Amino acid sequence: MMITENHAPDRDDDDIEGYVKIDRYNPELINNLSVHYREVLKHIGEEPEREGLLKTPERVAKALLYLTQGYDLDAKEIMSSAVFTEDYSQMVIVKDIEVYSMCEHHMLPFFGKAHVAYIPNGHVVGLSKIPRVVDVFARRLQVQERLTNQIRDCIQDTLTPLGVGVVIECRHLCMSMRGVQKQNSVTTTSAFTGAFLQEKTRAEFLNLISSRLG
């Protein structure tokens, strides 16, 4: 028996149990970043004082802080806030989790979907916590390979299941908009522990995430 959930991450982080939200939108930080972005506009040949760009440095500063809010969150604390004793030892999958992150090499977005599975070992976690953990690590400057491992390790270390499987499929704008300019390229990464290192279990997981309900 297997549980599968198609789930888009819930962005209402004020309601997450287990951590105190840190608001990075303080005026001093926004102002400091805005000054630098104003200089960037000048260096690329723009006029920061023209009407369309007057508030652009502030908007970009706020956008950057939102896209990197994962630095202020503790993924293990979020996971630990909803762990329950349960006599269930079959595969649990949360698939098609939306991923939005930024490549640390060019600070351009990459986006796609994550598929996460684990096999409980006496404990289960609230299903919404898995997409939240994905978001915590995605909302940082990243490479896809590290992101995949961080999600795997967080679930393994916090829940100590019989195994964890993570597959992420993303498009990278650093490949689509610049460089090789391959618009249709998709990068797939995977990471496994425990039972998912066995070919049979891994094959079941990969088959289930590629199937569609209904």
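As shown above, the structure is provided for reference.
Residues numbered from 1 in each chain as written. Predicted model: local features only at pLDDT ≥ 70, side-chain atom pairs only at ≥ 80, totals over all residues. Heavy atoms only, no water.

## Considering the packing of aromatic side chains
- By the definition in use, this model includes two aromatic pairs.
- The interplanar angle of 85° and the centroid separation of 6.4 Å between the aromatic rings of F192 and F205 together place this pair among those described as edge-to-face. Remark: F205 occurs in helix α7 (residues 199–210) and F192 occurs in strand β8 (residues 187–194); sequence separation between them is 13 residues.
- Taking 5.6 Å as the distance between ring centres and 80° as the angle between the ring planes, the aromatic pair formed by F196 and F205 counts as edge-to-face. Taken individually, F196 and F205 each receive the classification buried, so the pair is uniform in this respect.
- Within the aromatic cluster, the residues linked to one another by ring pairs are F192, F196 and F205. (Phe/Tyr/Trp six-rings, centres within 6.5 Å; stacked < 30°, edge-to-face > 60°. Helix = DSSP H or I, 4+ residues; strand = E, 2+ residues; numbered from the N terminus. Buried < 20%, exposed > 50% of the residue type's maximum accessible area, 1.4 Å probe, protein only.)

## Focus on the side chain of K95
- Turning to its location among the elements, K95 is positioned in strand β3 (residues 92–103).
- The charged side chain of K95 is buried without a salt bridge, its nearest counter-charge being D96 at 5.2 Å.
- Among the polar contacts listed, one links the side chain of K95 to the backbone oxygen of S211, at a separation of 2.5 Å. (Lys, Arg positive; Asp, Glu negative; His and termini not counted. Salt bridge = Lys/Arg side-chain N within 4 Å of Asp/Glu carboxyl O. Polar contact = N/O pair within 3.5 Å; in protein donor to acceptor, adjacent residues only side chain to side chain.)

## Focus on the packing of helix α4 (residues 129–138) against helix α5 (residues 144–159)
- At a minimum axis separation of 10 Å, α4 and α5 run at an interaxial angle of 140°. With respect to α5, the element α4 is oriented oblique. You can see that α4 and α5 cross each other, and the crossing is right-handed. Contacts between α4 and α5 involve V133, V134, F137 and A138 from the former and L147, Q150, I151 and C154 from the latter. (Axes fitted to C-alpha atoms, helices over the stretch in contact; angles between N-to-C directions. Parallel < 35°, antiparallel > 145°, perpendicular 65-115°, else oblique. Left-handed = near helix turned anticlockwise from the far one by under 90°. Contact = heavy atoms within 4.5 Å.)

## Observations concerning unusual backbone geometry
- Here M107, not a glycine, exhibits a phi torsion of approximately 55°, which is positive.
- Among the structural elements, M107 can be located in the loop between β3 and β4 (109–119).
- Assessed through its relative accessible area of 39%, M107 is described here as partly exposed.
- Of note in this structure, T160 is not a glycine but carries a positive phi near 45°.
- Within the fold, T160 resides in the loop between α5 and β7 (163–172).
- Among the residues examined, T160 registers a relative accessible area of 46% and is labelled partly exposed.

## Let's talk about α7
- Across its 12 residues, α7 extends 16 Å between first and last C-alpha, which sits within 8% of the 16 Å expected from 1.5 Å per residue.
- Every buried residue of α7 is listed here: T201, F205, L208 and I209. In an axial view of α7, the angular spread of the buried residues amounts to 95°, which keeps them on one side of the axis. Facing away from the buried side of α7, by more than 90 degrees, are the exposed residues E199, K200, N207 and S210.
- Buried residues belonging to α7 abut β3, β4, β7 and β8. (Expected span 1.5 Å × (residues − 1). Arc of directions from axis to C-beta.)

Purely geometric stuff here, so don't read any function into it on its own.
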